[in-house]
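Spelled out, the chains give:
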Amino acid sequence: MKCNDKILIAGVVAIAMLSTSPTVAGKFKYNTVNVSNGGTIKGIVTKSGKTPKDEFKTVTANKTQCGAKIAAEKYVISSKGEVKWAVAMLKGISEGKKLDTKSKTTLDNSGCRFEPHVLVAPAKGNFEVKNSDPMLHNSHFYLVKKSGAKKNVINLALPKKG
């Protein structure tokens, strides 16, 4: 399935590459220190007002397995207005605990879409892209400019499971 692979992986890779890098565009430095009194931030992001309609992407290959169209799941909002896959960014964090670069972060093409939709992986960490579907997926990694123009920087074939 070509269309959905391209869209989802572009966003996920951007998050994975930028979110915990020691320097983001040379502007931010993160120093590792011992943390004895760390905390957790937890919450629920809600949407008020009318929910935008989701887009449906036309499947261009593997229609038997994937169907003719797949919801982009750009906006996944519960009946209570809770936003699924919301991301919050903390500004001004210049030091903290060492990031775990030994654990594996996995992006899986399953059911003709990437799961999870959003993830964070540390720079120089163990990042895996796999395919749990019974057919090959041809996935593209794009850089997207503010103008909306896309540049294909990686074309990755994900062999079928097995």
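Residues numbered from 1 in each chain as written. Predicted model: local features only at pLDDT ≥ 70, side-chain atom pairs only at ≥ 80, totals over all residues. Heavy atoms only, no water.

A. Main features of the overall build of the protein. Within the protein one finds two helices and nine strands. Reading the protein from its N end, one meets helices and strands in the order α-β-β-α-β-β-β-β-β-β-β. A separation threshold of at least 6 residues defines the contact pool for the protein, and within that pool the share at least 24 residues apart is 54%. Entry remark: accessible area of the protein is about 11400 Å², with carbon and sulfur atoms responsible for 54%. (Helix = DSSP H or I, 4+ residues; strand = E, 2+ residues; numbered from the N terminus. Contact = heavy atoms within 4.5 Å. Areas by Shrake-Rupley, 256 points an atom, 1.4 Å probe, with all protein chains shown as cover.)

B. Local environment of the sheet that holds strand β5 (residues 104–109). As summarised here, the arrangement of the three strands in space is β6-β5-β7, forming an open sheet in which the pairing is mixed. A strand with exactly one partner marks an edge of an open sheet, and here the two such strands are β6 (114–115) and β7 (126–131). Taken together, the two bridges between β5 and β6 define a ladder with antiparallel strand orientation. Bridging from a neighbouring strand, D108 pairs with E115 of β6. (Pairing = 2+ DSSP bridges.)

C. Fine view of a nonpolar patch on the surface. Together, I41, L90 and I93 give the surface a local cluster of nonpolar side chains, amounting to about 320 Å² of exposed area. Checked against the element boundaries, L90 lands in the loop between β3 (69–71) and β4 (95–96). (Patch = residues over 30% accessible without salt bridge, like charges linked within 9 Å, V, L, I, M, F, W, Y side chains within 5 Å. Salt bridge = Lys/Arg side-chain N within 4 Å of Asp/Glu carboxyl O.)

D. Fine view of the packing of aromatic side chains. As enumerated under the stated definition, the model contains zero aromatic pairs in all. One Lys or Arg, K150, reaches over the ring of Y142 and ends 4.8 Å from the middle of that ring. (Phe/Tyr/Trp six-rings, centres within 6.5 Å; stacked < 30°, edge-to-face > 60°. Lys NZ or Arg CZ within 6 Å of the ring centre and 35° of its normal.)

E. Structural context of the confidence of the model for the protein. Overall, the prediction assigns the protein a mean pLDDT of 80, with 82% of residues at 70 or greater. Scored below 50 in pLDDT, residues 1–26 makes 63 contacts in the model with residues more than four places away or belonging to other chains. (pLDDT = per-residue confidence, 0-100.)

F. Quick peek at the pattern of salt bridges. Evaluated as defined, the whole model comprises four salt bridges. The partner of E55 in a salt bridge is K57, with the nearest N and O atoms 2.8 Å apart. We note a salt bridge from R113 to E73, for which the minimum N-O separation is 3.4 Å. Here R113, found in the loop between β5 and β6, pairs with E73, found in the loop between β3 and β4; they are 40 residues apart in sequence, far enough to count as distant. E73 gets classed as partly exposed once you look at its relative accessible area, which sits at 26%. Linked through salt bridges whose partners overlap, the residues forming this network are E55, K57 and K74. (Buried < 20%, exposed > 50% of the residue type's maximum accessible area, 1.4 Å probe, protein only.)

G. Region of interest: the state of the cysteines. Scanning the model with the defined rule gives one disulfide in all. Paired through a disulfide, C66 and C112 show a sulfur-sulfur distance of 2.0 Å. Its torsion about the S-S bond being -75 degrees, the disulfide of C66 and C112 is classed as left-handed. Of the two residues, C66 sits in helix α2 (residues 63–66) while C112 sits in the loop between β5 and β6, which places them 46 residues apart along the sequence. (Disulfide = S-S within 2.5 Å.)

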